[in-house]
Every structure is written in C-alpha cells, then in structure tokens.
Amino acid sequence: GPATMLAAVVASAALSWAPTLLAPHHAPSLHTRHAPVTALAAKAKRKGGKKSPAAGGGGGGGFGQKAADVAAPAPTPAELLKKSMELYDEIKKDLRATVSDDDDADDTPVDPADDYSVTEYVVTVRLTADCASEAADAFSDWVPVCIMNLKSSNRADTRQLLPQAVGASCKEILEAGCQSVTVLRKAPRTSVEYAYEPIDSYNSHVYEGLFSRGDRRAEALEALGVGAGADAAEVKRRHRKLMMELHPDRFVGDEEGAAAANERMIRVQQAYEELGGGTGGASSAYAGIGGKARVDFSDALDKGALSPLGKRRIGQDLPVELEGWRVGVFPLEPSVSQEFTLRNVMAK
C-alpha cells in the first residue's frame, strides 16, 4: 500500500546518501585520466586553506554531482621561450654533430635518422605603418630580436618550411623582443610583421657593420661636412646641396673635374645612407644595409604563409626522417636590438 511504497523510497534515499553521510571528508574516487585534476585541486586547497563548498552536499558524493574538469593553465610567453631555448641548444648540438660527420665523411650509407641538416637564421620584427602604439617609432623599421635554428630532413625545402617555423614560433620570437625592448609589449600583435635572414648574411652585412658603425658614422659626417650633433633635417639639406653642386651638368667640358665630382658624389650618397637618409632602392633602411650584395633578407613574410600564428604544426611532431622538423629560438643580446630601435627613433 502507500505506506509500503513510502518506506521503500526512504530506504532508497538513505542508501544513495550513505557515502556522504558516512565519509563527508573523502572525495570520490576518480579514473586515472582525472589524476592531474585531483592533484591540482589538492594543491589549490593547501594554498588557499579553505575548501570550496560543493553543490549537492558534503565531500563529493552528493546526488547528481559531477567531477569538475580543471584545465591546466596555458604556459606564459616567458615559459614558452625558455622551452624553445632548451630546444635551440639541443638542435645546436645536432649542428655540431653534422659538422663532425662531414669531416669524417666516407662511403658508408647514411642512416635515415641521421640524414638531416641544421640551418640558422636571424629573425626580425617591425610594426605596420598604421600602428598607433607607443612602440611604433622604435619598431618602425626592422629590429633583429632572436636567432632561430631549424632542423629538417636534407630532402626538405627549407624556404617553404621557414614561414611555418616563424608562424609556429611567433610567441617565442615576440617574447625575445619584449625582453630586450619592453615597449614592444604595448604593441598589438596584429600589427607585428616578421622577416628572416641566414645568420651568415646577417653576420657579414649587419652585425659586423654594427661594430664598425662609430668609425663609419664619423667618416660619413665628415663627407657631408656636418657636425656630430646634426639632426636629420640638417643632414638632408646638406646632402641635397652637395648633390646639386656635384651634378654632372656643372662639369660639361671638364672631364677631370667631372670624374672627381662623380667620385665625391658616390661618397656623399654612401655617407647619407650611413646616417639613415637613404635606402639605396631597398624597401627600408634596414633592408638597405649591405647594399646590393645583401640578397638573402626575406623582407616581410606574408601573413597567410605564417598562419595559424602561434599554433604547433604537424611537422613538429613527426620524426625528421618522415618530413618532420624542429625549431628553436634564442634571444639576441639586448644591446643589439636596442641599437636598432634607437636608430629607428632617431630616423623619425
């Protein structure tokens, strides 16, 4: 009868709540795949000192309650860069191994796992012309921020891989730049452009030139006839005046004078470019460093080729012998990046 039914319901409810009533301070057992969630929750409890109230009753066995999925926090840019630096060091060891193998080369067949190459590049960043950030002037032209090494099969086309490697590593590349020039953190990521250059080209055309810049700058000032404190407007006026004075039309019938004027005109133009005045036909002052002999600078990479930005590629998880590849990032010395941001600001 009704009384019998009511007794059955009460008995069933008592059984369903029994774990909670008998062991209110014990969490329910979880499958192995939920173990990290349990560890995170325990850590949070120890840190906070208080237990969050759970819906449905005591320690976790309440009617209708589900275990909450706790997502692990995403790594910070600094953590990503640190991990990439470790991978860079590993790839660097592989580079030394390939050099050693080349020295000891013989006719022994190469193991597919050892049939790889390691190439190194300097990655530069700049901001688009429409960027209104506080970092706009400092990054109005290219600024080298890091070295990137790429390990891939000898059969791979590195020129096709490079945009993917840069796109996958953009968070690490930007963090390298931010650690050297902190104002870059204020720039919107959608305004950042990327370019690369083989490290040998960078060393011969850009880095070595940077160390001799003081002497070359002094020579440039002397060639233009301006003082060390001359601003950009004064340098421009002086350059224009000298180019007019040395124009070939002023030396018609004077072959000796025309030849001397031509030599001086070349020196004046080189001095003007050294002081940041001209790009020598290049897309920017940075791209113009080294003149026509510098042919391996990529200039701005197409956004489509870089996409999806900051996302890991399938090739990074494949074995290298199966068309996989690895990429590492290591920051340049901050003084190098700062030198170029200063140059950009002064050119404004």
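About the cut-offs
- Residues numbered from 1 in each chain as written.
- Predicted model: local features only at pLDDT ≥ 70, side-chain atom pairs only at ≥ 80, totals over all residues.
- Heavy atoms only, no water.
- Pairing = 2+ DSSP bridges.
- Helix = DSSP H or I, 4+ residues; strand = E, 2+ residues; numbered from the N terminus.
- Axes fitted to C-alpha atoms, helices over the stretch in contact; angles between N-to-C directions.
- Buried < 20%, exposed > 50% of the residue type's maximum accessible area, 1.4 Å probe, protein only.
- Salt bridge = Lys/Arg side-chain N within 4 Å of Asp/Glu carboxyl O.

Asks: Can you walk me through the sheet that holds strand β2 (residues 143-153) in this structure?
Replies: Strands belonging to one sheet form pairs held by backbone hydrogen bonds; the direction of such a pair is parallel or antiparallel. A sheet is described by the order of its strands in space; here 4 strands give the open sequence β3-β1-β2-β4, paired in antiparallel fashion. Two strands close off the open sheet at either side, each with one partner strand: β3 (192-198) and β4 (325-331). Strand-to-strand twist of the sheet, defined as the mean angle between neighbouring strand axes without regard to direction, takes the value 30°. Bridge analysis of strand β1 (residues 116-127) against β2 gives 10 bridges, and the strand direction is antiparallel.

Asks: What should I look at first to understand the environment of Ile-314 in this one?
Replies: On the secondary structure map, Ile-314 appears in the loop between α12 (303-306) and β4. Judged by its relative accessible area of 69%, Ile-314 falls in the exposed class. Sequence separation between Ile-314 and Trp-325 is 11 residues, and the spatial gap between their C-alpha atoms is 9.2 Å.

Asks: Whenever I open this one, the pattern of salt bridges confuses me. Can you help?
Replies: When the charged atoms of two side chains with opposite charge come close together, those side chains can pair. On inspection of all chains with the given rule, the structure shows 9 salt bridges. Close ionic contact of Glu-197 with Arg-294 constitutes a salt bridge, the shortest N to O distance being 2.8 Å. With Glu-197 in strand β3 and Arg-294 in the loop between α11 (285-288) and α12, the pair connects residues that are 97 residues apart, well separated along the chain. Arg-294 carries the same exposure label as Glu-197, and that label is buried. By sharing partners, the salt bridges in this structure join Asp-115, Arg-155 and Glu-323 into a single network.

Read these as geometric descriptors, not functional statements.
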